[in-house]
Amino acid sequence: MSANVEETEMTTQTDAANSGQTVLVHAEIGADGALRPIVAELLGAAATVGVPEAVLVTGAEGRDAAVARLGEYGATRVHVLVADDAATTLGDAAVQALAAATARTAPVAVLLSGSPESRAVAGRLSVRARGPVCADAVGLRWADDEVIARHSVFGGDYLSESTGEGGPRIITVRPGAVADRAPAVEAPEVVELAAAELGPVTAGARVLEVNARTQNSARPPLRGAKTVVAGGRGVGSEEGFAIVEQLADELGAAVGASRAAVDSGYTAAERQVGQTGVIVSPNLYIALGISGAIQHLAGMKTAKTIVAIDKNEDAEIFEHADFGVVGDIFQVCLLYTSDAADDLLCV
């Protein structure tokens, strides 16, 4: 593995060069049976360096709808494995399907989501395909007859590049990091993966039960959200964190938090953004009362636009923000809430 680190502005755009060769994409299915949003990103990234083809593992019932959606996302060909137990065997069928499609097409790269499930699949596929894994990419480019993965490192201050030797590059991509989209394909070619093509696989974990978490609001999930409003220690208390949720609801945004806010008990751990939490790459990230510790920056530095509000003018977050407001977060946010707007209308 080699890496070239250079100080440069963060970008998810890829170079214009294209290999014209096959790039496989794992069409990951969520617990709800639908394609995960990052599949569109993966096919878009694949189109910048090659010809995007998808590998789909699904039950018979959702097959046709998923193939049509993959065409909308830009897949020129869809390799389909119908496996009724795909939802209960964690990654087994996906490993078999990806390995079979890799053997059939000899792709220059295989792209997967950076989700925990897909990262496990990537590691298992690496052994079968004898290809190196490049993890947590934020972009791709084609140069010197190989796919090169780009990574955001050191809290997003640097952009590194990685490649490897051996079989196809197996690359996991950070959700929300790739803006490119592939042109739609009206009727992608469908290739059925026969059982005879599938090699044996060591049984992995089995899913015994799935319980959907009750949504208390219409807010989007943090991972993959286009807009995120996050609060830090500066909100002062669990009650104070309500301003974060209020602004998020005004903007239709997901709610995030710094580790300091979580450790202080202001909000749930599942909202933590950072190196030890959720890594996000939204179009807009609003930080309320967040100082800007490096572990937090590592989780959101690739946001397209960062807005920081904090009363401490020396807070590190301002060094990384596109727009900064020095002031009391409650007074500033009050200007953007419906309640404030109603008050102004009544004056």
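See above for the structure.
The rules behind each value
Residues numbered from 1 in each chain as written. Predicted model: local features only at pLDDT ≥ 70, side-chain atom pairs only at ≥ 80, totals over all residues. Heavy atoms only, no water. Helix = DSSP H or I, 4+ residues; strand = E, 2+ residues; numbered from the N terminus. Buried < 20%, exposed > 50% of the residue type's maximum accessible area, 1.4 Å probe, protein only. Salt bridge = Lys/Arg side-chain N within 4 Å of Asp/Glu carboxyl O. Contact = heavy atoms within 4.5 Å. Core = buried A, V, L, I, M, F, W, Y, C linked by side-chain atoms within 4.5 Å. Pairing = 2+ DSSP bridges. Axes fitted to C-alpha atoms, helices over the stretch in contact; angles between N-to-C directions.

### Describing unusual backbone geometry
Negative phi is the rule for most residues except glycine; trans is the rule for most peptide bonds. Phi is positive for Ala106, close to 50 degrees, though the residue is something other than glycine. Checked against the element boundaries, Ala106 lands in the loop between helix H3 (92-105) and strand E5 (109-113). Looking at Ala106, the relative accessible area reads 57%, which means it is exposed. For Asp136, which is not glycine, the phi dihedral falls at a positive 60 degrees. As for its position among the elements, Asp136 is in strand E6 (residues 133-137). Accessibility expressed as a relative area gives 27% for Asp136, which makes it partly exposed.

### Points about the pattern of salt bridges
Per the stated rule, a full pass over the model turns up 15 salt bridges. The closest approach of N and O atoms between Glu72 and Arg69, which form a salt bridge, is 3.0 Å. Residue Glu72 and its partner Arg69 are located together in helix H2 (residues 63-73), separated by three residues, close to a single helical turn. The shortest N-O distance in the salt bridge between Arg77 and Glu189 comes to 3.1 Å. Taken together, the residues Arg77 in strand E4 (residues 77-82) and Glu189 in strand E11 (residues 189-192) connect sequence positions 112 residues apart. The class for Arg77 is partly exposed, based on a relative accessible area of 26%. A single salt-bridge network, built from bridges that share partners, covers Glu28, Arg36 and Glu117.

### Description of the environment of Pro220
Mapped onto the elements, Pro220 comes out in the loop between E11 and strand E12 (227-231). Between the C-alpha atoms of Pro220 and Ala248, which are 28 residues apart in sequence, the distance is 9.9 Å. Residue contacts for Pro220: discarding those within four places in its chain leaves Ala225, Gly252, Ala253 and Ala254.

### Examining the nonpolar core
By size, the foremost hydrophobic cluster in this structure holds 33 residues, and its most contacted members are Leu56, Leu70, Leu111, Leu140, Val147 and Ile171. Here the element with the most residues in this core is helix H1 (residues 38-49); it accounts for eight residues.

### Structural notes on the sheet that holds strand E16 (residues 323-326)
Taking strand neighbours across the sheet as the criterion, the five strands line up as E13-E12-E14-E15-E16 in an open arrangement whose pairing is parallel. Of all the strands in the sheet, just strand E13 (254-257) and E16 have a single pairing partner and so form its edges. Direction aside, the axes of adjacent strands within the sheet are offset by 15 degrees on average. Strand direction decides the pairing type here: E12 and strand E14 (residues 284-288), joined by five bridges, are parallel. Pairing of Gly231 across the sheet is with Leu288, part of E14. Of the strands in this sheet, E12, E13 and E14 touch helix H5 (residues 242-251), which is tilted by about 170 degrees from E12.

Structural measurements only, silent on function.
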